[in-house]
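Examining the three-dimensional arrangement
Each chain, letter by letter, is given below.
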Amino acid sequence: MSVALFEPYTLRSLTVPNRVWMAPMCQYSAETTGPRTGVAGDWHFAHYAARATGGAGLILVEATAVAPEGRISPADLGLWNDAQVDGLRWITGFLKEHGTVPGIQLGHAGRKASTNRPWEGRGPVAPGTGWQPVGPSPVEFAEGYPVPTELTAERIREITAQFADAARRALEAGFEVVEVHGAHGYLIGEFLSPHSNHRTDAYGGSFENRTRFALEVVDAVRAVWPEELPVFFRISATDWLDERGWTVGETVRFAALLREHGVDLLDVSSGGNGGPAEIPVGPGYQVPFAARVKAETGLPVAAVGLITEGEQAEKILANGEADAVLLGRELLRDASWPRRTARALGGELPAPSPYAWAI
């Protein structure tokens, strides 16, 4: 009997060897000043290499900023210059050598930019070390955060072009999947939600206007990304703010549009856009959102959110609720989760030669 988790999955011409994928998780470990600002270093290589040898079929490298002011923290990775390409090429080469598909998430933090690394205390960085955030409207993320500068239509076009430039660099760096980050209250998600988008121009108000920026970014990325390689989009299916924010119904409607614009898979998460949100966190709590998108639009989906057990992940796929699972914190706890799970469930997962002879 086959194990769905360890079956290959094909999108366009790219075949991923299994359905256990690594979600993008910021490491906040890049250089913050000088010519190596935003460049991947030894920590990033060791971090991603361990998950590749641990058996992840696809690794989505953490949110990587398309511009300096698009970083969540000063220590984020970037792809706005060629030095950053070289740092990432070392990682993608190792991943491919060991059978893991390298992907990268491109993002812009918007009004949530210029913040401390989590272990240094959340909130804006100290005055003089950060920068002024931008957003769709002059609405701060939370108390104590700065009011962002409202983007002009010209600046919106410039940021759209920055996403395309970063996608070109991602291809040069050896990535085979690019994901547009539209979730968790960062810039694209800020435009989607009426909670954070109070504009009255072509980028605000109606559903069509609030989704305009996201679709323009997708079009710009798809135009420079090879036809034979897939584009993902990460979405917060809901802000958990009822009708005051982005809703699950809007996600389903938007997913159909994304499919028309060349997106191959929706990475379905939730939350992150502020407000007094009550989130019923529990095992697999976001899986129903992915399942609904898949059922109502036919767009392939990856499920995320407190997926920690092999049998739980296998059931999600076997029930047709998602096409793959993306593990986050569980892969931080256990880099070899895919190998351990394959042994437990009877799945086939080849080991690297230096390990295989001994195992």
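Description of the structure in this document.

Let us now look at the overall build of the protein chain. Along the backbone of the protein chain there are 12 helices and 12 strands. Computed over the C-alpha atoms, the radius of gyration of the protein chain is 19 Å, within 12% of the 21 Å expected from 2.2 N^0.38 for a compact globule of 359 residues. Residue burial in the protein chain is summarised as follows: out of 359 residues, 60% are buried. Considering only intrachain contacts with a sequence separation of at least 6, the fraction spanning at least 24 residues in the protein chain is 71%.

Attention now moves to the nonpolar core. Ranked by size, the top nonpolar core spans 98 residues in total, and within it Leu 88, Phe 233, Phe 254 and Leu 266 carry the most contacts. With residues near it in sequence (within four places) discarded, Phe 233 still touches Glu 179, Val 180, Gly 182, Ile 188, Ala 214, Val 218, Phe 254, Leu 258, Val 263, Leu 265, Leu 266 and Asp 267. Core analysis: the second largest hydrophobic core is formed by 6 residues, Ile 72, Ala 75, Ala 109 and Tyr 186 among them.

The terminal C-alpha atoms of helix α2 (residues 82-97) lie 23 Å apart, and with 16 residues this matches the ideal 22 Å at 1.5 Å per residue to within 8%. Of all the bends in α2, the greatest measures close to 25° and is centred on Leu 88. Packed against the buried residues of α2 are α1 (42-53), β4 (58-65), β5 (101-107) and α3 (153-172). If you check the start of α2, you find a side-chain oxygen 3.1 Å away from the backbone N of Ala 83, and it comes from Asn 81. Following α2 by one or two positions, Gly 99 has its phi on the positive side, about 85°.

Bringing the pairing of β4 into the picture now. The element β4 is largely enclosed, with a buried count of 8 among its 8 residues. Two elements, strand β3 (residues 20-22) and β4, share 2 bridges in a ladder whose sense is parallel. The residue bridging Trp 21 from the neighbouring strand is Leu 58, located in β4. Once the chain exits β4 it traverses α2 before rejoining the sheet at β5, and the crossover so formed is right-handed.

Take the environment of Phe 141 next. Considering the arrangement of structural elements, one finds Phe 141 in the loop between β6 (134-135) and β7 (149-150). When its relative accessible area of 17% is taken as the criterion, Phe 141 is described as buried. Taking the C-alpha atoms as reference points, Phe 141 and His 195, separated by 54 residues in sequence, lie 10.0 Å from one another. When near neighbours in sequence (up to four residues on either side) are disregarded, Phe 141 contacts Arg 111, Lys 112, Gly 272, Asn 273 and Gly 274.

Definitions and cut-offs
Residues numbered from 1 in each chain as written. Predicted model: local features only at pLDDT ≥ 70, side-chain atom pairs only at ≥ 80, totals over all residues. Heavy atoms only, no water. Helix = DSSP H or I, 4+ residues; strand = E, 2+ residues; numbered from the N terminus. Rg over C-alpha atoms; globule rule 2.2 N^0.38 Å. Buried < 20%, exposed > 50% of the residue type's maximum accessible area, 1.4 Å probe, protein only. Contact = heavy atoms within 4.5 Å. Core = buried A, V, L, I, M, F, W, Y, C linked by side-chain atoms within 4.5 Å. Expected span 1.5 Å × (residues − 1). Bend = angle between axes of the 7 residues up to and from the residue. Polar contact = N/O pair within 3.5 Å; in protein donor to acceptor, adjacent residues only side chain to side chain. Pairing = 2+ DSSP bridges. Right-handed = clockwise from strand over helix to strand, strands pointing away.

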